[in-house]
Amino acid sequence: MSDNHDYLKTADNQTFRLRADVLALMLKGAGYAAIFCLVVGFFIAITIWVGGFLPPESKEAPDPTPFSSVVTHQSSRLG
């Protein structure tokens, strides 16, 4: 078998080798980003799916902490 593993013939062209390495790293990063987005989307889909099993009354229930979202109106004085 041949010991020549230079499949892209980059031994004599360093500029092409640099571009190929940068492209490979960018594709690797894009793959990681795609996996991250799929995991987040899967988590959201599972949450929506589990929420579909809740009874309709739970979706119409009042807020369990009604004082946490009280907005107080203060009069502003222009001076």
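The structure under discussion appears in the preceding block.
Presented here is a report on the structure given in the accompanying data block. Worth saying up front: this structure is predicted, and the values here are computed from it rather than measured.

Helix and strand content of the protein chain: two helices and zero strands. Counting across all 79 residues of the protein chain, residues that qualify as buried make up 1%. On the protein chain, roughly 8000 Å² of surface is accessible, and the fraction owed to carbon and sulfur atoms is 68%.

Turning next to the pattern of salt bridges. For the structure shown, the criterion picks out one salt bridge. As a salt-bridge pair, R17 and D21 come within 3.2 Å of each other at their nearest N and O atoms. With R17 and D21 both in helix α1 (residues 14-51), this residue pair falls four residues apart, about one helical turn. You can call D21 partly exposed: its relative accessible area is 35%.

A separate point is the packing of aromatic side chains. Tallied over the full model, the rule gives one aromatic pair. The interplanar angle of 80° and the centroid separation of 5.0 Å between the aromatic rings of W49 and F53 together place this pair among those described as edge-to-face.

Moving on, we get to a nonpolar patch on the surface. Among the surface-exposed residues, L18, V22, L23, M26 and L27 lie close enough to one another that they form a single nonpolar patch of about 500 Å² accessible area. Along the chain, M26 turns up in helix α1.

About the criteria used
Residues numbered from 1 in each chain as written. Predicted model: local features only at pLDDT ≥ 70, side-chain atom pairs only at ≥ 80, totals over all residues. Heavy atoms only, no water. Helix = DSSP H or I, 4+ residues; strand = E, 2+ residues; numbered from the N terminus. Buried < 20%, exposed > 50% of the residue type's maximum accessible area, 1.4 Å probe, protein only. Areas by Shrake-Rupley, 256 points an atom, 1.4 Å probe, with all protein chains shown as cover. Salt bridge = Lys/Arg side-chain N within 4 Å of Asp/Glu carboxyl O. Phe/Tyr/Trp six-rings, centres within 6.5 Å; stacked < 30°, edge-to-face > 60°. Patch = residues over 30% accessible without salt bridge, like charges linked within 9 Å, V, L, I, M, F, W, Y side chains within 5 Å.

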